[in-house]
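# An overview of the molecular structure
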Amino acid sequence: MVSLFLFLGCNLSYIIQSSHQRIKQLDEQCSDLVRKLSSIISQEHFDRLSKVISHNANKLKGKVKNRHSRKLTDMGAFVTEDPYVDKNRWVINLFNRQLSEHETSALQNGLNFATTPKTVPTSRIVANVESGIYNLSGSAKATIRASVVNILKNSKPEATQNITRQQRAAVQSLQQDPSITVVPADKGKAVVVMDMAEYREKVHTLLSDENTYTKITDKRRNPTSRVEKDLNKLLSEIKSCSSTTHDQNVKQMDPKTYHRLHSTDATPASFYGLPKIHKPGIPLRPITSCINAPTYNVSGHLVSILSPLLEEKHSVTNSVVFAQHVKDQPIAEDEIMVSFDVVALFTSIPVDLALQIVREKLQQDVTLTERTDISVTNIMKLLEFVLKNSFFTYEQEHYQQTFGCAMGSPVSATIANLVMEYVEERAISTATHPPRWWYRYVDDSHACLKKDYVQEFHDHLNSVNANIQFTKEVEQGNKLSFLDTTTTRVRGRIQVSVYRKPTHTDKYLDYNSHHPSQHKRSVVNTLLHRAQEIPSTNAERSRERRHVIKVLRDNNYPLSFIRSCKSYHNSLRQDSSTNDSSSANASSASPFVVLPYVRGVSERISRVLRNNGVKVGYKPFRVLRTCFPRPKDKPSSLQCRGVVYKVGCVDCNFVYYGQTDRALQTRLKEHKRAVRVGDNNSKVAQHANQFVHSIDFDHATIVDRASNFHERLFLEAWYSKRDNNAGNEHIDIPDVYESLA
């Protein structure tokens, strides 16, 4: 060891001595060049040139010195071994017993933590690939298939799991305990463990608000089927209407759009809440999950029609954009910063007001016909239908939201922004003493007002509409927090720094999660980009950067990985104007495949696909969130859509595999009808009638799920080919996949 230190010391001395000699040689060369240059040009030009060179040299020296200084500062963040983040805030236990060490450590991983797959999901990977390459040429398909098969035949999942056996057992124990529910916090990414009885009580407290919700007590009334029937009737009427801007032969809704919006086998929306851990009493934020509800697809379609109506005169898309707007703004001594927040925006929006605002904007929109052939009248009919038919279930009881917009319906966010634009524009344009600036993000606004007129403007703002009421917060100690920024007045100018709310936990995607490196790199780049773009001063940037690095390390990100990210190097630069501009997107018409992520397998398949012009995305195979689904009503297996199913025979080994995009119960009814009437086109009916056997419809099972039609077709064939008792027809599976059996 002593000899090693002696060697390193001698080597370092030699390097220093050599550097000094090199510097001396360069000084002599510079002196010779200066003498030669002074003899060639005039003294005046020589002096000017000397100043320029000196200025540029000092500027470069400053940049290099600053960069090295930051690296040395960061090393302090890297080498620290003490935890920087309070991980106890990552799990909030509201249950009446203490969590075990393994339960806590498992939940501290976060609900988006992906566990290491124990097997390679071959059928899912191949089905997704086949769906993505469906429209490629035969030769391209053959090349891709051969490569994919070769990769899968030689692939194995990672032997090392990223959670311990004790943690896995703890998750299963929590999952099977009916007295608790595990949910994400409303804000901050904390995991909240609640007593199920307490959770139910809080939900019923929300639903007891008779001004917003009404319980449907008539058990004979099924609002879902009625809404679906009425919606389809309305869509049919619009489909038959001729376009008002084109030839009479052109209809307002083409068959493809009609088919996409038409509701079949819909399930009711479901209600749940997320705990607001920062509020006294920890109330719940109400959310209505509208996926597969009758109006869901129409609501999404309306977003594409109504979103261009947003003027976005005062709105900001994120905190970085806000910081760019407000940074270095002058502020006088008689002015003050104020933030305004709407109380329960979504459930406070009067539907009639929203309809009035949208109608007026549609009538004034000269570009409407460029994005839809549907008339203003029919758009309004669809919108009114969606907004006034907000039905949902909780614990199998039906409710209707009678006021406001459902938080969970796609169009609600667009409507909320349109209403906010109306309210703020009316308030600002009619105010006696309007704010000098007004920046809004959804329902939060940052403004600058004369100190003497804050209350006057607040009262004026709340007078625009009695239902939409604002709270206010004024700057304290020359500071005001807004979104995740703090704005500070310094010598008559606004400076911005990063702010973290009390609910913020510094919990991000754990590096040990079985996610692709692109997802983890995105976490690093986003945080470092924000640390570079939000703060006004180099000192604040350096402080925020050190914080981010420490936080990433507590989320298990290695130093080498952090340093390999693009934003790490960008944030070292003195110039704060760097923007991470993404490359141009490939054509939207390009084939696209989403692969379930298995490290070492998905990347290799991705390279094959990309080399053949196919875009690729990754999806974690299994995350902890699937172990703790939202505490809401779930459809039964018979109500599930987009499934591959299996039906057996009571009297023999015959098995039928099928696929359907509709509810499984609807497809089974068709099978039963085919058996009853002796339909020879049905393989199920043929078997039942030929052998006088009974089909076991009561024990039909779901073997796989896929929303994509081509994926379901392939999976149906995949399971059929691997079951010698299967008696159904199916598409042909390419022979190259036989070796994967």
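First things first, this report covers the structure right here in the doc. (Residues numbered from 1 in each chain as written. Predicted model: local features only at pLDDT ≥ 70, side-chain atom pairs only at ≥ 80, totals over all residues. Heavy atoms only, no water.)

## Here we look at the overall build of the protein
Selection criterion: Labels follow the DSSP assignment, with helices taken as runs of H or I lasting at least four residues and strands as runs of E lasting at least two, numbered in each case from the N terminus. Working definition: with a 1.4 Å probe on protein chains only, accessible area under 20% of the residue-type maximum means buried, over 50% means exposed, and in between means partly exposed. The contact criterion used throughout is that any non-hydrogen atoms of two residues lie within 4.5 Å. Each accessible area is a Shrake-Rupley result for a 1.4 Å probe, and residues are judged covered by the shown protein chains and nothing else. Charged residues are defined narrowly, with Lys and Arg counted positive, Asp and Glu counted negative, and His plus the chain ends left uncounted. Charged side chains are reduced to one point each, which is NZ for Lys, CZ for Arg, CG for Asp and CD for Glu.
Secondary structure summary: the protein contains 24 helices and 20 strands in total. Overall size of the protein, expressed as C-alpha extent along the three principal axes, is 110 × 75 × 65 Å. Looking at the protein residue by residue over its 741 residues, the buried ones come to 45%. Looking at the protein alone, contacts between residues at least 24 apart form 72% of all its contacts between residues at least 6 apart. For the protein, the exposed surface amounts to about 38,700 Å²; the carbon and sulfur share of it is 49%. Taking the 98 positively charged and 77 negatively charged side chains of the protein as two groups, their mean positions are separated by 5 Å.

## Topic: the sheet that holds strand β1 (residues 91–93)
We apply this condition: Two strands form a pair only when DSSP identifies at least two bridges running between them. Lines fitted to C-alpha atoms define the axes here, with helix axes fitted over just the stretch in contact, and angles between the N-to-C directions of these axes take values from 0 to 180 degrees.
On the basis of which strands lie adjacent, the open sheet formed by three strands has the order β1-β3-β2 and mixed pairing. Two strands lie at the open edges of the sheet, namely β1 and β2 (180–184), each paired on one side alone. Here the average twist between neighbouring strands, direction ignored, is 20 degrees. In the packing of helix α3 (residues 101–108) onto the sheet, the strands contacted are β1, β2 and β3 (191–195), and the crossing angle to β1 comes to about 135 degrees.

## Considering the environment of Pro631
Here Pro631 is to be found in the loop between β17 (615–620) and β18 (643–649). By relative accessible area, Pro631 is classed as buried at 10%. Spatially, the C-alpha atoms of Pro631 and Arg200 are 9.3 Å apart, while their sequence positions differ by 431 residues. Non-local contacts of Pro631, meaning those with residues more than four positions away in its chain, are made with Thr181, Val183, Met196, Tyr199, Phe271, Tyr272 and Tyr394.

## Some remarks on helix α10 (residues 296–306)
Since the α-helix turns once every 3.6 residues, residues separated by three or four places project in the same direction. This is how the line gets drawn: Note: the arc covers the axis-to-C-beta directions of the helix.
Taken together, the buried positions of α10 are Val298, Ser299, His301, Leu302, Ile305 and Leu306. Buried residues of α10 fall within an arc of 160 degrees about the axis and therefore sit on the same side. Each element contacted by the buried residues of α10 is listed here: α8 (223–240), α9 (255–261), α13 (351–364), α14 (376–387) and α15 (410–430).

## What to know about the packing of α13 against α14
Between two packed helices, what matters for the description is the angle formed by their axes and the separation of those axes. Using the following cut-off: Roughly parallel means an angle under 35 degrees; roughly antiparallel means over 145; roughly perpendicular covers 65 to 115; every other angle is labelled oblique. Working rule for handedness: look at the near helix, and if it is turned counterclockwise from the far one by less than a right angle, call the crossing left-handed; if clockwise, right-handed. Residues are grouped as follows: Ala, Val, Leu, Ile, Met, Phe, Trp, Tyr, Cys and Pro are nonpolar; Asp, Glu, Lys and Arg are charged; all remaining types, including Gly, are polar.
Relative to each other, α13 and α14 sit at 160 degrees, their axes nearing to 11 Å. Classified by the angle between their axes, α13 and α14 sit roughly antiparallel to one another. When you trace α13 past α14, the crossing you get is right-handed. In this structure, α13 uses Val351, Leu355, Val358, Arg359, Leu362 and Gln363 to contact α14, whose residues at the interface are Val376, Ile379, Met380, Leu383, Glu384 and Leu387. Class assignment of the residues belonging to the contact of α13 with α14 gives a composition of nine nonpolar, one polar and two charged.

## Description of the packing of α10 against α15
Two elements in contact, α10 and α15, have axes whose closest approach is 7 Å; the angle formed by their N-to-C orientations is 35 degrees. Seen along the crossing, α10 lies across α15 with a hand that is left-handed. Mapping the contact onto sequence places Tyr296, Ser299, Gly300, Leu302, Val303 and Leu306 in α10 and Pro410, Val411, Thr414 and Ile415 in α15. Counted by class, the contact of α10 with α15 contains seven nonpolar, three polar and no charged residues.

## Let's talk about the pairing of β17
Heads up, the rule is: Look down the strands so they point away from you; if the path from the first strand over the helix to the second goes clockwise, the crossover is right-handed.
In this structure, strand β16 (residues 592–597) lies alongside β17, joined through six bridges in parallel fashion. Looking at the pairing, Tyr597 lines up with Pro620 of β17. Handedness of the β-α-β unit built from β16, helix α21 (residues 602–611) and β17 comes out right-handed.

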